[in-house]
Amino acid sequence: MNYKKFIDKKIKEIREIVGKEKAISVLSGGVDSSTVTVLGHRALGSRLKTIFINNGLMRENEPENVVKVFRKIGIKVEVIDAKDKFFKALKGKIDPEEKRKIISDVFYRDVFKKILEKNRVKFLLQGTNLTDIEETVAGIKFQHNVLKQIGISTEKKFGYRLIEPLIELRKDDIRKVAKLLGLPEEIHQRIPFPGPALAARVIGEVTQEKIAIVRKATAIVEKELKNSGAFQYFPVLMEDKATGVRGGKREFGNIIIIRCVESIDARTATPTKLSWKVLEKITKHLTNEIAGINRVCYDITPKPPATIEYI
Ligand code: XMP
């Protein structure tokens, strides 16, 4: 694939679609949305507004970090606080697909729609990729950002049009485009992070308390596995609890599963053969630094039959 030609073609396409109007890019800080934001910025300059939705489900310091990284490359990012909306909508929901649909709904029907109306903008740029589409169409899981391909027209339903420049590409190609666009390594080599964010790493009901636990655990796991070279690594908070003993007293505590996988494009994955020493170190950090975690397990299931995420 000729990446330079791809970039030129997409910039031209975005310009043609948007014409003299304005567009909005929703940036999450991941490789895909970052790539789309730079493409949009190159195509439209100041006619592109870039926003980061703080849904309360992001990793530690994520909004601040994203704003900082993009400021360095000359792109202003506006942070919009929508935490309450997401937690309210997720209250009491335990079914994984229902949780995914709710998150998608709050984004598209509520948050994006209002932002686009307020700014009088009719175009929304987003970083949907080929794997997202294939998994949703095949009914494996409803990826939060796949709509058109399953027959949902945002134009008819919400009054705005989606522009998705990356739908032909998979993660490995998107990383190459991102690098060529001048995005820093911390972005183009960033591990994938799902649209439903930390809500995808909480089994059962998503509450502020559970998100706080998994957020702390994510910071620990990402720090310890930063140099593992793996495709993706993260903790998941189980709904079941387990008996433990702390300070000589019984504790009925939380169970964390660590997932770390090798993959090229997320279609298939194999568990990384992490060393015992590394696993012990992570376990020590998790159980010592996060109250209530008294059990840590390592997942050795490949995809298939598992998927990478747990919901
Ligand atoms: P699974 O769990 O299906 O995940 O093996 C494959 C890859 O996709 C990421 N993922 C998502 N990405 N929106 C996204 O943008 C989503 O709803 C979503 N769900 C999963 C996952 O992290 C993995 O890299």
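- The chain is annotated in an unreviewed UniProt entry as GMP synthase (glutamine-hydrolyzing).
- In its Function (unreviewed entry) section, UniProt records this for the chain: "Catalyzes the synthesis of GMP from XMP."
- Recorded under Pathway (unreviewed entry), the UniProt text for the chain is reproduced unchanged: "Purine metabolism; GMP biosynthesis; GMP from XMP (L-Gln route): step 1/1."

## Observations regarding the UniProt feature "domain: GMPS ATP-PPase" (unreviewed entry) in the chain
Right, so step 1: Per the UniProt annotation, the sites labelled "domain: GMPS ATP-PPase" (unreviewed entry) are residues 1-190.
Right, so step 2: With 52% helix and 12% strand, residues 1-190 has end C-alpha atoms that lie 22 Å from one another.

## Brief notes about the UniProt feature "binding site: ATP" (unreviewed entry) in the chain
Right, so step 1: In this numbering, the UniProt entry assigns the feature "binding site: ATP" (unreviewed entry) to Ser28, Gly29, Gly30, Val31, Asp32, Ser33 and Ser34. Lining the largest cavity, from the residues just named, are Ser28, Gly29, Gly30, Val31, Asp32 and Ser33.
Right, so step 2: Relative to the elements of secondary structure, valine 31 occurs in helix 2 (residues 31-44).
Right, so step 3: Valine 31 gets classed as buried once you look at its relative accessible area, which sits at 3%.
Right, so step 4: Not counting the four nearest positions on each side in its chain, valine 31 is found in contact with Ile174, Arg175, Ala178, Ile187, His188 and Arg190.
Right, so step 5: For aspartate 32, the location among the structural elements is in helix 2.
Right, so step 6: By relative accessible area, which is 10% here, aspartate 32 ends up buried.
Right, so step 7: Leave out the neighbours within four places in its chain, and aspartate 32 touches Gly127, Asn129, Leu166, Lys171 and Ile174.

## Here's the deal with the nonpolar core
Right, so step 1: Ranked by internal contacts, the top residues of the largest apolar core, which has 85 residues, are Ile53, Leu57, Phe70, Tyr108, Phe112, Leu124 and Leu286.
Right, so step 2: Sort the elements by how many residues they give to this core and helix 5 (residues 96-118) lands first, with nine residues.
Right, so step 3: A domain-level breakdown of this core finds at least three residues from each of domain 1 (3-185) and domain 2 (202-298).
Right, so step 4: When residues no more than four places from it in sequence are discounted, the contact partners of leucine 124 are Ile24, Val26, Tyr108, Phe112, Leu116, Tyr160, Arg161, Leu162 and Ile163.
Right, so step 5: Phe231, Ile255, Ala266 and Ala269 belong to the second-largest nonpolar core, a separate cluster that totals 11 residues.

## What to know about the sheet that holds strand 4 (residues 123-125)
The strands making up a sheet associate through hydrogen bonds between their backbones, and the pairing can be parallel or antiparallel.
Right, so step 1: Read across the sheet, five strands follow the order 3-2-1-4-5 without closing on themselves; strand pairing throughout is parallel. Where the open sheet ends on each side, the last strands, each with one partner, are strand 3 (77-81) and strand 5 (161-163). The sheet shows a mean angle of 35° between the axes of neighbouring strands, direction not considered.
Right, so step 2: Docked against the sheet, helix 1 (residues 3-18) engages strand 1 (23-26), strand 4 and strand 5, running at close to 165° with respect to strand 5.
Right, so step 3: The strands touched by helix 5 within the sheet are strand 1, strand 2 (48-54), strand 3, strand 4 and strand 5, with strand 2 carrying the most contacts at an inclination of about 140°.

## Some points on helix 4 (residues 83-90)
Right, so step 1: Inspection of helix 4 places Phe86, Phe87 and Leu90 among the buried residues, and these make up the whole buried set. Taken end-on, helix 4 shows its buried residues confined to a sector of 95°, consistent with a single buried face. Turned more than 90 degrees away from the buried face of helix 4, the exposed residues are Asp84 and Lys88.
Right, so step 2: Where helix 4 is buried, its residues contact strand 2, helix 5 and helix 10 (208-225).

Reading the values: rules and limits
Residues numbered from 1 in each chain as written. Predicted model: local features only at pLDDT ≥ 70, side-chain atom pairs only at ≥ 80, totals over all residues. Heavy atoms only, no water. UniProt positions renumbered as here; feature names shortened; annotations may be inferred. Helix = DSSP H or I, 4+ residues; strand = E, 2+ residues; numbered from the N terminus. 1 Å grid on protein atoms, 1.4 Å probe; cavity = no way out; pocket = protein on both sides within 12 Å on 5 of 7 lines; lining within 4 Å. Buried < 20%, exposed > 50% of the residue type's maximum accessible area, 1.4 Å probe, protein only. Contact = heavy atoms within 4.5 Å. Core = buried A, V, L, I, M, F, W, Y, C linked by side-chain atoms within 4.5 Å. Domains from an automatic or database assignment. Pairing = 2+ DSSP bridges. Axes fitted to C-alpha atoms, helices over the stretch in contact; angles between N-to-C directions. Arc of directions from axis to C-beta.

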